[in-house]
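A look at the structure
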Amino acid sequence: MAKTQRVHVKLNGQEREAEIEPRLLLAHFIRDVLGLTGTHLGCDTSNCGACTVILDGRPIKSCTFFAVQADGRELLTIEGMMRDGKLHPLQQGFHEEHGLQCGFCTPGMILSAYALLRGNPSPSEEEIRWGISGNMCRCTGYQNIVKAIQNAAAKMQQEGVAA
Amino acid sequence: MAVRIEKTFQVQEPIDQVWKLLSDPRNVAGCVPGARITEAVDERTFKGSVSVKVGPSVTDYKGEVRFERLDAAAHEMELVGKGQDVKGRGSASMKMTGRLRSLPDGGTEVATVAEVNVIGILAQFGGRMINDVSDVMFGEFTKRFQKRLQESAGAVKPAVAPAAGQDPVAPTPAAPVAVETTAPEQPPAEPVNAAAVFFAALRAAIRRFFHRLLGGSA
Amino acid sequence: MIAKTSPEIGGLGHSVKRKEDLRLIQGKGNFVDDVRLAGMVYGQVVRSPFAHARIRSVNVENALALPGVLAVITGKDLEKAGLAWMPTLFHDRQMVLAVDKVLFQSQEVAFVVAEDRYTAADAAELVEVEYEELPVLVDPHRALDPDSPILREDREEKTNHIFHWEVGDREATDRTFQQAEVRAQVNAIFQRCHPAPLETCGCVADYNTGTGRLTLWLTSQAPHAHRTLFAIVGGIPENNIRVISPDIGGGFGNKVPIYPGYVCAVVASLKLGRPVKWIETRSENLQSTGFARDYHMTAEIAAGRDGRVKALRVKTLADHGAFNAAAQPSKFPAGLFSVCTGSYDFQKAFCEVDGVYTNKAPGGIAYRCSFRVTEAAYLIERAMDVLAQELKADPAELRLKNFIPPDRFPYQSPLGWSYDSGNYAAAMNRALEMAGYQELRKEQAAKRAKGELMGIGISSFTEIVGAGPAHTFDIAGIKMFDSCEIRVHPTGKAIARFGTKSQGQGHETAFGQIVAQELGIPVADITVEEGDTDTAPYGLGTYASRSTPTAGAAGAMAARKIRDKAKKIAAFLLEASEEDLEWEPGRFSVKGVPGKSKTIQEIAFAAYTNIPPGLEAGLEAVHYYDPPNLTFPFGTYICVVDIDKGTGETKVRRFIAVDDCGNIINPMIVDGQIHGGLTEGLGIAFMQLISYDESGNVQGGNFMDYLVPTAMETPHWETDKTCTPSPHHPFGAKGVGESPNVGSPAAFVNAVVDALAHLGVKHIDMPLTPWKVWQILKQKGVVD
């Protein structure tokens, strides 16, 4: 019987805990143990960014992180992006600007964009492209993703809200 | 994935002493990190294994080493080795030539050239690191070889006794050597710690990169 | 003439926002790896590290002894069930699990099943395989050498030659070449690459011992075809198989073949009576699933000194890897490669292709290739530029001079295709205008005088999609029709199911728009479904840009059948005769009597509550569409590059893409497809290569080495359209998904070669990495 460890995380505002193997990756913890399958796995070398989640306010690749390392910390996944039962401006922006096609990169992409806008509420196109350069997309060619993020940034500036 | 490594080093010991050590595969095996000879097929062919440890898992490569050429007069030898991972993860083969040259101060210059070919997962993921990893392992080999040389030179009992019936000066007679399944004097092979080798190679590669970047030669 | 509908109805031409977005932006998509079933276990494949080796033994003892391991399947186990080999989609067979030997690095050798993913990975490490290495063949040019190893000992004919295929008039073409004033030749390699959709392949095989049914959640672009093949090969009654292709994270042709992992998961599930999930890693995906291209081509053009092309001669060597698993129509071993005469009016042409086996992963048809049209378009567009260089002619003018003129359509190409419609000059001129071509040439001349490297590349491609008519097209014997079934509910809402399967192309929205257009039901009221073989009508799936030309057409035809019945019901309700009724989207009215009309919603309600005597209840129809021909989208792309003389890096300064795909359903979706395809073309042209060293080790087998463009490398794409409808398609549409990947590589390469042409460079093979370009700059003495 492999040895296990107890892990507590605050996931999308909710306290969650589980008994897991120390070698369990955070991505598998979120998907298989906590049951939130919005975070996706697209590679095995930490290159694609599909697994991006926000840990204590910063974007990380959950495929290159052990669940035990997230013990006692706060996690935000795509499932936690809604605000008061409404779509987050980023989610809305992706929809309005056709910033997704197959949708597989989308959760990671939205969370990277979220991290970007938290630090830089009014980014230039170049800053946006740099901000999402760790997220691969095979479908969109990024053009509409950039527009989606600009759409969200503009809306949030208008409403005076932070990401 | 073929890689060529050249290493030349000098030792204080005289050429014949160095030759004696170099031309006995058990000595050579004893210097390769993680390697051991398990069986002598004939006087020139030996079966052996190399253990590689990555984290908690240990992989054994089993194979054969053969002296293609042993020229005691010219002090040249050619060694060919081939091994396969017992679990079927890949294989590696190597052709190594060693050439000794007497130095004016009575010591010996050992010049080795190895051509290594790797097949399998290592050649994919490790492709970029093969040069440096081979370099580090070879560096480890030469260090151990030099240590062994010093030990055999001094009053310390040599780690490996010469094979029964072998004239230490003259080349081995054609008569088959008794098969020894274990050489009791051989210390158990410590599996080579791949992680340590990897990081040593990485360090070396980075050092070399900056050295070149800042104008030094490779 | 296509009636314009209101935005509320959202018929053709409206950029309706996508319905599929809602679940995907919330992370509530249902991809195969999201499927969780009670009692589900996990499988992992054990793979060969050797490119060519005999298997001496497979020892599974230690793996089986690991707690949590439920089964280990070997080739010998499958052999007992007659499943060690399976047919490929193209007249060959491939090993599911190797028994006697392995033929490529990463080939499947065993399959372990365990309670969880991690235990399965541990178990895979414990399987011990003893191999005896054999000499390796990785150079396709050596495949037919007498001293090369014969790879396929299982075949009757002991040769590495798979097929020879030719089309056209060899003698007439040769004669034209003999008399030609000008000849241009290019040897172009379209390198082996890989579609690499972001979601890898996988399945959940759920054999339910209670119902006797197998439910197979599958990353499949062609669920029905897969169901039929699993039934035939696996001996499972087809009514007891349900294939569900849920949300698919990109296909690009990667998810058309049947992979050993699927078969092993099914076998494991049958054996254990539990759901078995198998999801491959990215490395497995790149190293063992269907690769793309690997075509080694030579094109020669015979022309007059006036620049008029006369004949085209093409010879190609195709590297198919260890098994011919190319997923293409059964009569076409080189796919639709013979469209290589492109947009130009060649009088004579001849094309021959030879396929060979090598110790590499199997495949060949993938990555948005339209069945080898990517290779064909690349070849002819490179050849035209080489000809332009030879003649010292402007590449745009040379093309305009040789385009098939609009009045020659339907056009019979010398290699046997009947192009439905085209207006190549219109697309070219629009692209030249958008680019400001003359200004660019002036800028280039000025820069060249200063020693700066700027290039302009043009690609005027013709595509061939929509496979295809039953008389010529089938895949593994199944004809390439497609289908749609529509049911209108009493309250006027509808559900439409199609035989295709979107992997991001937006069918849930766009195909609903087709029905909205034909029936006037608002698109928001139409549910579109694909992918469940228990409910969707039989179709051949989505790839080769065939969905709109075939299933889209079926949707229109089924809707028209419904409209015909609706007319009868309307006539009954309005107490008029059918001849007196006229239609506008959403209602039938009595001619000349304002106010006397019935909406489609009222008609639908009546179909269940007030049925005309003699008519059946309900309002539904199904249509299986056999396209009369393929469709021929086209376009002109213009690429402007600047090459850094210090690093060899190419910066794509501008890219203009003018596409013509006939009538467009959803312009927003079409533009998205163009952006995505151009980005893939960018990756292919500058970064991507799957290669093998002399021992058969794959290089480029993971995302560290196989590069995918990020937002940083990808330029801004400038797009526009011309519209030349297809004369035979129910609403004049042609399909467009692959055009950008078909047309763009040549634009990129032509631009880089153009930048270096004054130095004497005629051709460079892709990928045009900075290293490769820098070496050329060094050779020419122009490195900074």
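What you see is a predicted model, and the numbers here were worked out from it, not measured in a lab.

1. Notes on the overall build of chain A
Helices and strands together make up the secondary structure of chain A, namely 5 helices and 5 strands. Listed by position from the N terminus, the elements making up chain A come as β-β-α-β-β-β-α-α-α-α. Taking 15 Å as the expected radius of gyration for a compact globule of 163 residues, we find that chain A reaches 16 Å, a close match to that expectation. With the C-alpha coordinates of chain A rotated into their principal frame, the extents come out at 55 × 30 × 25 Å. When burial is assessed residue by residue, chain A has 56% of its 163 residues classed as buried. Put simply, of all contacts in chain A between residues at least 6 apart along the chain, 56% involve residues at least 24 apart. Of the accessible surface of chain A, which amounts to about 6,500 Å², a share of 47% is contributed by carbon and sulfur atoms. If you average the places of the 16 positive and of the 17 negative side-chain charges in chain A, the two averages end up 2 Å apart.

2. Observations concerning the overall build of chain B
Along chain B, the regular secondary structure elements total 5 helices and 8 strands. Sequence-ordered secondary structure for chain B, helices as α and strands as β, is β-α-α-β-β-β-β-β-β-α-α-β-α. Partitioning the contacts of chain B with sequence separation of at least 6, the portion at a separation of at least 24 is 59%. Surface accessibility of chain B: about 11,600 Å² in total, with carbon and sulfur atoms responsible for 58%.

3. Focus on unusual backbone geometry
All names here are of chain C. Put simply, Phe409 and Pro410 share a cis peptide bond, and its omega is -5 degrees. With respect to the helices and strands, the residue Pro410 is situated in the loop between α10 (395-402) and β20 (411-412). Of the consecutive residues Ala467 and Gly468, the connecting peptide bond is found in the cis state with omega at -25 degrees. Not every positive phi belongs to a glycine, and Lys392 is a case in point at roughly 55 degrees. Inspection of the secondary structure assignment puts Lys392 in the loop between α9 (373-391) and α10.

4. Comments concerning helix α5 (residues 143-159) of chain A
The first and last C-alpha atoms of α5 of chain A sit 25 Å apart over 17 residues, in line with the 24 Å expected at 1.5 Å per residue. Where α5 of chain A is concerned, the buried positions are Gln143, Asn144, Ile145, Val146, Ala148, Ile149, Asn151, Ala152, Ala153 and Met156 of chain A. Along its buried surface, α5 of chain A packs onto α2 (89-96), α3 (106-119) and α4 (125-131) of chain A together with α16 (667-686) and β36 (717-721) of chain C. Within two residues after α5 of chain A, Gly160 of chain A carries a phi angle of roughly 65 degrees, on the positive side.

5. Quick look at the pairing of strand β11 (residues 202-208) of chain C
Residues and elements named next belong to chain C. With respect to burial, β11 is a largely interior element, 6 of its 7 residues being buried. Pairing of β11 with strand β14 (residues 276-279), which is carried by 4 bridges, proceeds in the antiparallel orientation. Paired with Val204 across the strands is Lys277, a residue of β14. Strand direction decides the pairing type here: β11 and strand β12 (residues 213-218), joined by 6 bridges, are antiparallel. The residue bridging Val204 from the neighbouring strand is Trp217, located in β12. Once β11 ends, the chain turns through 4 residues before running back antiparallel as β12, passing Gly212 with a positive phi of about 75 degrees.

6. Thoughts on helix α14 (residues 547-574) of chain C
Spanning 28 residues, α14 of chain C covers 38 Å between terminal C-alpha atoms, matching the ideal 40 Å at 1.5 Å per step. With its phi angle positive at about 50 degrees, Glu575 of chain C sits one or two positions after the end of α14 of chain C.

7. Some thoughts on the packing of α16 of chain C against helix α17 (residues 739-756) of chain C
Residue and element names in this part refer to chain C. In the contact formed by α16 and α17, the axes pass within 8 Å of each other and the chain directions differ by 45 degrees. In this view, α16 runs oblique relative to α17, as classed from their interaxial angle. Between α16 and α17 lies a crossing whose hand is right-handed. Touching Gln673, Ile674, Gly677, Leu678, Glu680, Gly681, Leu682, Ile684, Ala685 and Phe686 of α16 are Pro740, Asn741, Ser744, Pro745, Phe748 and Val752, all from α17. The class makeup of the residues in the contact of α16 with α17 is 10 nonpolar, 5 polar and 1 charged.

8. Notes on the sheet that holds strand β16 (residues 295-303) of chain C
Residue and element names in this part refer to chain C. Pairing within the open sheet is mixed, and its 5 strands lie in the order β9-β18-β17-β16-β10. Of all strands in the sheet, those bounded by a partner on one side alone are β9 (161-168) and β10 (182-190). If you compare each strand with its neighbour and ignore which way they point, the axes differ by 10 degrees on average. Where strand β17 (residues 309-319) lies against strand β18 (residues 348-356), 9 bridges are found, and the strand directions are parallel.

9. Digging into the interface of chain B and chain C
On the side of chain C, 24 residues touch chain B, which itself brings 18 residues to the contact. Summing both sides of the interface, chain B and chain C together bury roughly 1,700 Å²; the carbon and sulfur share of this comes to 41%. Together, Gln84, Lys87 and Gln124 of chain B form the three largest contributors to the area buried by chain B at its contact with chain C, with a combined 32%. Where chain B packs against chain C, one counts 1 salt bridge. Along the contact surface separating chain B from chain C lie 7 residue pairs in polar contact (both at pLDDT 80 or more). The set of elements that each furnish at least two residues to the side of chain B that touches chain C consists of β5 (76-85), β6 (90-102), β7 (108-120) and α3 (121-125) of chain B. Looking at the side of chain B that touches chain C, the element that brings in the most residues is β7 of chain B, giving 4 residues. Split by residue class, the side of chain B that touches chain C holds 7 nonpolar, 7 polar and 4 charged.

10. Some remarks on the packing of aromatic side chains
Residues and elements named next belong to chain C. Here the structure, examined in full by the defined rule, presents 31 aromatic pairs over all chains. Taken together, the ring pairs in this structure connect Tyr344, Phe403, Phe409, Tyr411, Tyr419, Tyr424, Phe632 and Phe634 into an aromatic cluster. Residue placement shows Arg293 over the ring face of Phe190; its charged tip is 5.0 Å from the ring centre. Geometry around Phe177 places Arg313 over its ring, the cationic atom sitting 4.1 Å from the centre.

11. Topic: the pattern of salt bridges
All names here are of chain C. Following the criterion strictly, the structure yields 79 salt bridges over all chains and no others. Across the pair Asp145 and Arg142 runs a salt bridge whose closest N-O atoms are separated by 2.5 Å. What makes Asp145 partly exposed here is its relative accessible area of 27%. Here Arg242 makes a salt bridge to Asp532, at a shortest N to O gap of 2.6 Å. Here the residue Arg242 occupies a position in strand β13 (residues 241-244), and Asp532 occupies one in the loop between β27 (526-530) and α14, the gap between them amounting to 290 residues.

12. Remarks on the domain arrangement of chain A
All names here are of chain A. Once the domains are mapped, chain A shows domain 1 (5-80) and domain 2 (89-158). Between domain 1 and domain 2, the C-alpha centre-to-centre distance is 21 Å. Contacts between domain 1 and domain 2 engage 17 residues on the former and 14 residues on the latter. Between domain 1 and domain 2, the buried area comes to about 1,200 Å², and carbon and sulfur atoms account for 67% of it.

13. Considering the sheet that holds strand β1 (residues 41-47) of chain C
All names here are of chain C. Strand order in the open sheet formed by 7 strands is β3-β7-β1-β14-β11-β12-β13, and the pairing between neighbours is mixed. Here the strands that pair on one side only, and so sit at the sheet edges, are β3 (69-74) and β13. Each strand axis lies, on average, 20 degrees off the axis of its neighbour in the sheet, ignoring direction. With 2 bridges connecting them, β1 and β14 associate as parallel partners. Along β14, the bridge assignment pairs Tyr42 with Lys277. Along the sheet, helix α6 (residues 223-234) contacts β12 and β13; its crossing angle with β13, the most-contacted strand, is approximately 145 degrees.

14. Side note on the interface of chain A and chain C
Contacts between the two partners involve 48 residues from chain A, matched on the other side by 55 residues from chain C. For the pair chain A and chain C, the number of links is 4 salt bridges. Where chain A meets chain C, there are 26 residue pairs in polar contact (both at pLDDT 80 or more). Sorting the residues of the side of chain A that touches chain C by element identifies α1 (26-33), α2, α3, α4 and α5 of chain A as the ones contributing at least two each.

Reading the values: rules and limits
Residues numbered from 1 in each chain as written. Chains lettered and ligands numbered in written order. Predicted model: local features only at pLDDT ≥ 70, side-chain atom pairs only at ≥ 80, totals over all residues. Heavy atoms only, no water. Helix = DSSP H or I, 4+ residues; strand = E, 2+ residues; numbered from the N terminus. Rg over C-alpha atoms; globule rule 2.2 N^0.38 Å. Buried < 20%, exposed > 50% of the residue type's maximum accessible area, 1.4 Å probe, protein only. Contact = heavy atoms within 4.5 Å. Areas by Shrake-Rupley, 256 points an atom, 1.4 Å probe, with all protein chains shown as cover. Lys, Arg positive; Asp, Glu negative; His and termini not counted. Charge placed at Lys NZ, Arg CZ, Asp CG, Glu CD. Expected span 1.5 Å × (residues − 1). Pairing = 2+ DSSP bridges. Axes fitted to C-alpha atoms, helices over the stretch in contact; angles between N-to-C directions. Parallel < 35°, antiparallel > 145°, perpendicular 65-115°, else oblique. Left-handed = near helix turned anticlockwise from the far one by under 90°. Nonpolar A, V, L, I, M, F, W, Y, C, P; charged D, E, K, R; others polar. Buried area = accessible area lost by both parts, 1.4 Å probe. Salt bridge = Lys/Arg side-chain N within 4 Å of Asp/Glu carboxyl O. Polar contact = N/O pair within 3.5 Å; in protein donor to acceptor, adjacent residues only side chain to side chain. Phe/Tyr/Trp six-rings, centres within 6.5 Å; stacked < 30°, edge-to-face > 60°. Lys NZ or Arg CZ within 6 Å of the ring centre and 35° of its normal. Domains from an automatic or database assignment.

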